[in-house]
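Results of the structural survey
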Amino acid sequence: MARLYRDRHDGDVRVVVLTGAGISAESGLRTFRDSDGLWEGYSVDEVATPEGFAQNPELVQAFYDERRAQLGIVEPNAAHKALARLESVLGDDFLLVTQNVDDLHERAGSKRVLHMHGELQSAWCTACGRRMRWTGSLVDEPACPSCGARALRPDIVWFGEMPYGMDEIDRSLRRVHTFVSIGTSGNVYPAAGFSAFARAVGAHTVELNLEPSLGIDDFLEHHHGPAGTIVPAWVDRYLEKQELR
Ligand code: OAD
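For every chain, the first residue of its written sequence is number 1, and the numbers climb from 1 along that sequence. With pLDDT at 70 or above as the cut-off, local features in this predicted model cover only qualifying residues; side-chain atom pairs require 80 or more to be listed or tallied, and sums for whole chains, interfaces and linings still use all residues. Side-chain measures were taken over the full set of non-hydrogen atoms in the model, leaving aside hydrogen atoms and water.

**Things to note about the site of the ligand**
Only heavy atoms are used to decide nearness, and a residue is near a molecule or strand if one of them lies within 4 Å of it. In the vicinity of the ligand, 24 residues are found, and the nearest of them are Ala21, Phe32, Arg33, Thr184 and Ser185. Identification of polar contacts relies on pairs of N or O atoms within 3.5 Å, with a donor-acceptor requirement for protein atoms, meaning one able to donate a hydrogen and the other able to accept it, and with residues adjacent in sequence counted only if both atoms are side-chain atoms. The separation between an oxygen atom of the ligand and a polar main-chain atom of Phe32 is 2.8 Å. Between the ligand and the protein, one listed contact pairs an oxygen atom with a side-chain N or O atom of His117 at 2.8 Å. Relative to its free-state accessible area of 790 Å², the ligand is covered by the protein chains to the extent of 95%. Residue classes in the shell around the ligand are distributed as ten nonpolar, ten polar and four charged. Here the shell around the ligand spans two domains, and each of domain 1 (1–29 + 76–117 + 163–245) and domain 2 (31–73 + 121–156) adds at least three residues to it. Accessible areas in this description were obtained via Shrake-Rupley with a 1.4 Å probe; residue shielding takes into account the shown protein chains only. Residue polarity is assigned by list, with Asp, Glu, Lys and Arg as charged and Ala, Val, Leu, Ile, Met, Phe, Trp, Tyr, Cys and Pro as nonpolar; anything else, Gly included, falls into the polar class. Note that the domain bounds were set by an automatic or database domain assignment.

**Digging into the side chain of Arg153**
Put simply, DSSP H or I for four residues or longer makes a helix, DSSP E for two residues or longer makes a strand, and each gets a number counted from the N terminus. Its location among the elements puts Arg153 in strand 6 (residues 152–156). In this view, Arg153 contacts Phe53, Gln61, Ala123, Trp124, Thr126, Leu138, Trp158 and Glu161; residues no more than four positions away in its chain are not counted. By the convention used here, residues are in contact when the closest approach between their heavy atoms is within 4.5 Å.

**Digging into the nonpolar core**
We call a set of buried Ala, Val, Leu, Ile, Met, Phe, Trp, Tyr and Cys residues a nonpolar core when their side-chain atoms join them within 4.5 Å. Categorising residues by exposure relies on relative accessible area from a 1.4 Å probe, with only protein chains included: less than 20% of the type maximum marks a residue as buried, more than 50% marks it as exposed, and the intermediate range marks it as partly exposed. Leu86, Ile182 and Val231 are the most contacted members of the largest nonpolar core, which totals 22 residues. Contributing elements (two or more residues each) for this core: strand 1 (13–19), helix 6 (78–90), strand 2 (94–98), strand 7 (176–182), strand 8 (204–209) and helix 10 (227–241). By residue number, the principal contributor to this core is helix 10, which donates seven residues. Sequence-distant contacts of Val231, defined by excluding residues within four places in its chain, comprise Ala79, Ala82, Leu83, Ile182 and Leu208.

**A closer look at helix 10**
With 15 residues, helix 10 extends 20 Å between its outermost C-alpha atoms, agreeing within 8% with the 21 Å of an ideal straight helix rising 1.5 Å per residue. Of all the positions in helix 10, only Ala227, Gly228, Ile230, Val231, Pro232, Trp234, Val235, Tyr238 and Leu239 are classed as buried. Of the residues flanking the end of helix 10, it is Glu243, one or two places downstream, whose phi is positive at about 55°. Expected span of a helix: the number of residues minus one, times 1.5 Å.

**Quick word on the domain arrangement of the protein chain**
Along its sequence, the protein chain is carved into domain 1 (1–29 + 76–117 + 163–245) and domain 2 (31–73 + 121–156). Tallying the contact residues gives 15 residues for domain 1 and eleven residues for domain 2. Put simply, buried area is the surface a 1.4 Å probe can reach on two separate parts but cannot reach once they are joined, added for both. A buried area of about 1,000 Å², summed over both sides, lies between domain 1 and domain 2, and 54% of it is on carbon and sulfur atoms. On the domain 1 side of the contact with domain 2, Leu29, Val101 and Tyr164 bury the most area, a combined 42% of that side's loss. Salt bridge criterion: a side-chain nitrogen from Lys or Arg within 4 Å of a carboxyl oxygen from Asp or Glu. Taken together, the connections running from domain 1 to domain 2 amount to zero salt bridges.

Structure (structure tokens):
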């Protein structure tokens, strides 16, 4: 039986948080697999694979252009802000891994954010390999500011591609005390496997989600409800328990 909180050693990470689309739902961004989710109106194969992009780049660029533009009209919610507060107390003892490609964690004040599925506000030139901040549209094939080629694609990790930051995530999960999964359905690997891994190394595992996810059995503690309510409440309890408030 895993212990709730392990003795602390140098190099340990007290808290690793994994977030998914559910944390941004109350900010007005659609999730993928809920009843009104993005994958109801679009085919994953068409807009979230390298093959789909090769076949119809205009459709794919328009899909991500629309989502990038939406960032201008949404704001971080109480759940994003609570995680920024947790980080401000824990500092380097904290890592936020997100599957989300929005920038709401950063806008709430989070600094140690690892976007394992890429970012809407980043473009990747497939000619020169440079990645750059990009807030405008890509559908009209603008030239790469670095090499001039018209070869920019969204810097999004599509199905069949390698997520970012896996070495750092792996290192952190091996030394984590408390792993918290927020607003993710547990459908997409490798992220869906982090809870089982964290539990196997003896971490306390927590799920904060609207409903039980596919990985529910991997969690020692769970709270179900809207992230804007249950995440701030969990952060308060955690900080109180650790006497860190
Ligand atoms: P999903 O759409 O699969 O799951 C969202 C989860 O959030 C569901 O379990 C919902 O119950 C929950 N949820 C919805 N509203 C919520 C709320 N207000 N508060 C708390 N939870 C809420 O999204 P992800 O698990 O993030 O990848 O999807 C993982 C990946 O699949 C995405 O990063 C994306 C997608 O295909 C790529 O595109 C590569």
